[in-house]
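Descriptive structure summary
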Amino acid sequence: MVEDVERILFHEQTILSRLDALAREITEDYRGKELTVVAVLNGSFMFMADLLRRIPLPLKLDCLSVSSYHGGTESSGTVSFDQHSLPDIDGRHVLVIDDILDSGRTLDAICAKLRADCRPASLGVCVLLAKRKSRVVEVKTDYVGFEIGDEFVIGYGLDYDERYRNLPFIGVLDPSVPLRQLAEKPS
């Protein structure tokens, strides 16, 4: 798997140090509030687990399963909600945790659906990564782990075609990998 990484952007220790700082900010901002974290699966799983262990506040946790990449390296433009019910967050302070802010479509769709259907007291957004690029939809983020260029990244929960999530670092996927995998698929 490591041979498919063009270069490493953030080593594990760098990520964990940044999570310490994010956790301090979140703890200060939500102290004394009824906090519910809504994690966007599957990409935010590792980020969410490591971050929440650093937040010394009582909180509730729920998850949403959505998809927008559908096996490619760019958002398809279609956001699919993959569960039957939304979390019970009526009147609660909610922090949505996602792995990456790219086109903005996924987070915009999640936030709009939660605001419309679940009536939270407040809705914040925390992402591990935010790409420095123009977005199809602008999304306000309250907490950002790292800003990165417009490259396809893997590791630490981020995947390409459900692979590489278990890498302990964040790296850039070698651009030849999707082409190689297409060539290897039986026709």
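Right above here is the structure, for reference.
A few points on the structure. (Residues numbered from 1 in each chain as written. Predicted model: local features only at pLDDT ≥ 70, side-chain atom pairs only at ≥ 80, totals over all residues. Heavy atoms only, no water.)

Now for the pattern of salt bridges. Counted under the stated rule, the structure contains 16 salt bridges. Because the salt bridges share partners, they merge into one network encompassing D102, K131, K133 and D150. (Salt bridge = Lys/Arg side-chain N within 4 Å of Asp/Glu carboxyl O.)

Another aspect to go through is the side chain of D50. Relative to the elements of secondary structure, D50 occurs in helix α2 (residues 45–52). By relative accessible area, D50 is classed as buried at 14%. Separated by 2.3 Å, the side chains of D50 and R53 make a polar contact. Ignoring sequence-local partners within four residues, the contact set of D50 consists of L16, L19 and Y156. (Helix = DSSP H or I, 4+ residues; strand = E, 2+ residues; numbered from the N terminus. Buried < 20%, exposed > 50% of the residue type's maximum accessible area, 1.4 Å probe, protein only. Polar contact = N/O pair within 3.5 Å; in protein donor to acceptor, adjacent residues only side chain to side chain. Contact = heavy atoms within 4.5 Å.)

With respect to the element layout, L59 can be found in strand β3 (residues 59–67). Residues L59 and E34, spaced 25 residues apart in sequence, show a C-alpha to C-alpha distance of 6.8 Å. For L59, the contacting residues outside a window of four places in its chain are L35, V37 and L52.

Let us now look at unusual backbone geometry. Cis geometry marks the peptide bond from L41 to N42, where omega comes out at 5°. Note that N42 resides in the loop between β2 (35–41) and α2. Even without being a glycine, D161 presents a positive backbone phi close to 55°. Position of D161 relative to the elements: it lies in the loop between β8 (153–154) and β9 (170–173).

Now for the packing of helix α1 (residues 12–30) against α2. For any two helices packed against each other, one specifies the crossing angle of their axes together with the interaxial distance. Two numbers describe how α1 lies on α2: the axes approach to 9 Å, and their chain directions differ by 60°. Taken together, the axes of α1 and α2 lie oblique to each other. Note that α1 runs across α2; the crossing there is right-handed. Residue-level contacts link L16, L19, L22, A23 and I26 of α1 to F47, D50 and L51 of α2. Each residue belonging to the contact of α1 with α2 can be placed in one class, and the counts come to 7 nonpolar, no polar and 1 charged. (Axes fitted to C-alpha atoms, helices over the stretch in contact; angles between N-to-C directions. Parallel < 35°, antiparallel > 145°, perpendicular 65-115°, else oblique. Left-handed = near helix turned anticlockwise from the far one by under 90°. Nonpolar A, V, L, I, M, F, W, Y, C, P; charged D, E, K, R; others polar.)

This part is about the nonpolar core. Ranked by internal contacts, the top residues of the largest apolar core, which has 31 residues, are F47, L51, I97, L129 and I170. Looking at which element gives the most residues to this core, the answer is α1, with 7 residues. L64, V66, L107 and L114 belong to the second largest nonpolar core, which has 18 residues in total. (Core = buried A, V, L, I, M, F, W, Y, C linked by side-chain atoms within 4.5 Å.)

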